[in-house]
Amino acid sequence: MRRGGGCCGPDAAGALASDHRGGARRMPAGSHGRGAASGGAGGERAGTAGALAATALPGARSRARRRGAALRRHRPRARRRGPNRARAGDGARARAVRVGRGPRRLPRRADDRDHAARLRAPLRAAAMKRTADVVVVGGGVIGCAIARELARRGVRTIVVERGEVGGEATRAAAGMVAPQAESTGPGPLLRLGIASRARYAEWTESLGAESGIDVEYRTDGIVYVALTAADARVLAARARWQRAAGLRVERLRDARRLVRALTRRVRMALHFPDDHRVNNERLVTALAVAARRAGAEVMERTPVTAVRARRGKVEGVDTGAGSIDAPVVVDAAGAWAGALGLPPGVSPPPVFPVRGQIIVLRGGLDAIPRPLYSRRGYVVPRVDGRVLAGSTLEDAGYEKRVTAGAAADILAAACAMAPAVGGMTLETAYAGLRPATPDHRPIIGPAPGVAGLLYATGHYRSGILLAPITAQAIADLVVDGRTALPLAGMSPGRFVRRRRR
Ligand SMILES: Cc1cc2nc3c(=O)[nH]c(=O)nc-3n(C[C@H](O)[C@H](O)[C@H](O)COP(=O)(O)OP(=O)(O)OC[C@H]3O[C@@H](n4cnc5c(N)ncnc54)[C@H](O)[C@@H]3O)c2cc1C
């Protein structure tokens, strides 16, 4: 790992060697970060009935059936503020609001004071002690997607978020639903990504109906260009193996027909028509709103300080606002998933932060109507006229600073692809911390060593893409004790076994 803050494209981590003294160590291509280990234990079965017997919730399936009937009757409520203004914390003066019942309001008249006092006592007690079937730690895209899926299946779910819903890696993302453009080779991660992408259209459609929020899912594909002979060779190889795997890849003779702003210096251009995009900021808000409307509670500004267990079984969590009793806890705390206070003897998931920076531009959208990638960076148009340029892969610990050097590299890579970017207005810049793992694959499934604890973390560069399938898999494991989804190679056990060798 070298020091620096270089810009990177989807597969060019560390491609540039410049040193910006940004205080961050940039991760060279192929680096697996801390504790790197090659390969990974693909092929292990995730979530057999035996292993999960203690996790599956008795009664959840019948509740799920009742809930299913209720959902079929469900109609989205009239919106008071319109889709653009809806926010996950709307109307919530207390930390948690149970959608469906609404916040409890105290009477205002002075002669109602006794009645008000009587109401306050149980409210205070409720703030101290709660119960749920499942507590989800972390309100990013993964935690919110899981909560919404569990609530739809009739599972009493509470999401506990330390800050604000989606406030970390999720809102910093570029919103690509792009397993093909992001992939450097076939394997279990690509399989999982393709399976998740296949769910996206239906998932976002039902999410829109449940939340009243348009998540701006767009299916116009991604254009990937090579500006050098070396990059063209890499791209040609990618097209070959993806076609051999049955995936659609189109070689573009005149890429400027799809992206007018593209430079004339293109050596080779591919179109991935099945790779899509979504507005990740609206997505996470919609997930939280839909989760609440399906009956989940979402507690913001409430840190989880410990996961409690007794005699090898999870009993709940301690939070900054009291404890919550629950037989199942899902650790979806992103880059902080390994720092949760876990029960003694339980191995924390080996997750670490990898910083990514984004520059937000405005203007010239008609010339860049769809995402444009090279091995050194990308530009992604948003429906509201913004254009996101990214990004970096940096080992900077938990520091979310935007650095001048990285910004310069990102803009240079964007301008090399589309010179018109140089004339756009620079609106803002931000950074987020991707939850990475040593083999760059997520950790999804039951934690070894204690019954009732599940991990859903380590989604690294693909958390937006993998949210639908992760939510479905975790809900399957909780409700049925097993899942038929392609989780091979993602189980928490792969790291435990490796350490014991
Ligand atoms: C610059 C950038 C671009 C990206 N682009 C894409 C893309 O185009 N496509 C894609 O698929 N992915 C992309 N990603 C990756 C994606 O953003 C992540 O994989 C995804 O957001 C991870 O979601 P998460 O919910 O696991 O983590 P987070 O969004 O980080 O959420 C975890 C949450 O847990 C909370 N938390 C932590 N500790 C506690 C605690 N003790 N108690 C309570 N709450 C706690 C945090 O506050 C946080 O809100 C990008 C990431 C970055 C940084």
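As shown above, the structure is provided for reference.
What counts and what doesn't
- Residues numbered from 1 in each chain as written.
- Predicted model: local features only at pLDDT ≥ 70, side-chain atom pairs only at ≥ 80, totals over all residues.
- Heavy atoms only, no water.
- Near = heavy atom within 4 Å.
- Polar contact = N/O pair within 3.5 Å; in protein donor to acceptor, adjacent residues only side chain to side chain.
- Areas by Shrake-Rupley, 256 points an atom, 1.4 Å probe, with all protein chains shown as cover.
- Nonpolar A, V, L, I, M, F, W, Y, C, P; charged D, E, K, R; others polar.
- Pairing = 2+ DSSP bridges.
- Helix = DSSP H or I, 4+ residues; strand = E, 2+ residues; numbered from the N terminus.
- Axes fitted to C-alpha atoms, helices over the stretch in contact; angles between N-to-C directions.
- Contact = heavy atoms within 4.5 Å.
- Core = buried A, V, L, I, M, F, W, Y, C linked by side-chain atoms within 4.5 Å.
- Buried < 20%, exposed > 50% of the residue type's maximum accessible area, 1.4 Å probe, protein only.
- Expected span 1.5 Å × (residues − 1).

**Some details on the site of the ligand**
Lining the immediate environment of the ligand, one finds 39 residues, of which Glu-161, Thr-170, Met-176, Tyr-460 and Leu-465 sit closest. Glu-161 places a polar side-chain atom, nitrogen or oxygen, 2.6 Å from an oxygen atom of the ligand. Contacts to the ligand include Thr-170, whose side-chain N or O atom sits 2.6 Å from an oxygen atom. For the ligand, whose unbound accessible area comes to 1,000 Å², protein coverage reaches 97%. Of the residues that constitute the shell around the ligand, the class distribution is 21 nonpolar, 13 polar and five charged.

**Description of the sheet that holds strand 4 (residues 134-137)**
A sheet is described by the order of its strands in space; here six strands give the open sequence 11-5-4-15-23-22, paired in mixed fashion. Of all the strands in the sheet, just strand 11 (297-299) and strand 22 (443-446) have a single pairing partner and so form its edges. The average undirected angle you get between the axes of adjacent strands in this sheet is 15°. Strand direction decides the pairing type here: strand 4 and strand 5 (residues 157-160), joined by four bridges, are parallel. Residue pairing across strands places Val-137 opposite Val-160, the latter belonging to strand 5. Across the sheet, helix 4 (residues 141-152) touches strand 4, strand 5, strand 15 (328-331) and strand 23 (453-457), and the angle it forms with strand 5 is around 170°. Helix 11 (residues 463-480) rests against strand 4, strand 15, strand 22 and strand 23 of the sheet, and its axis sits at about 175° to strand 23.

**Topic: the nonpolar core**
Counting residues in each nonpolar core, the largest one holds 56 residues, and the members touching the most others are Ile-146 and Leu-283. Secondary-structure elements contributing two or more residues to this core are strand 4, helix 4, helix 7 (188-211), helix 9 (280-293), strand 15, strand 23 and helix 11. In terms of residue count, helix 11 provides more of this core than any other element does, 12 residues in total. Ignoring anything within four residues of it in the chain, the contact list for Leu-283 reads Val-141, Tyr-200, Trp-203, Leu-207, Val-215, Val-278 and Ile-464. Membership of the second largest hydrophobic core comes to 28 residues, among which are Ile-158, Met-299, Ile-324 and Val-450.

**Some points on helix 10 (residues 404-417)**
The terminal C-alpha atoms of helix 10 lie 20 Å apart, and with 14 residues this matches the ideal 20 Å at 1.5 Å per residue to within 8%. Along helix 10, the residues classified as buried are Gly-405, Ala-406, Ala-407, Asp-409, Ile-410, Ala-413, Ala-414 and Met-417. Along its buried surface, helix 10 packs onto strand 7 (222-226), strand 16 (352-362), strand 17 (372-374), strand 18 (377-381) and strand 19 (386-390).

**Some thoughts on the environment of Ser-374**
Following the sequence through the fold, Ser-374 ends up in strand 17. Distance from Ser-374 to Asp-231, taken between C-alpha atoms, is 8.5 Å for residues 143 residues apart in sequence. Of note is the side chain of Ser-374, whose polar atom sits 3.0 Å from the backbone nitrogen of Arg-376.

**Topic: unusual backbone geometry**
Note the cis peptide between Gly-390 and Ser-391, where omega equals -10°. By the secondary structure assignment, Ser-391 is in the loop between strand 19 and strand 20 (394-395). Despite not being glycine, Glu-216 has its phi angle at roughly 55°, a positive value. Tracing the chain through its elements places Glu-216 in the loop between helix 7 and strand 7. The exposure class assigned to Glu-216 is buried, which follows from its relative accessible area of 11%. Positioned with a positive phi, Tyr-460 is a non-glycine residue whose angle comes to about 45°. Relative to the assigned elements, Tyr-460 resides in the loop between strand 23 and helix 11. Given a relative accessible area of 11%, Tyr-460 falls into the buried group.

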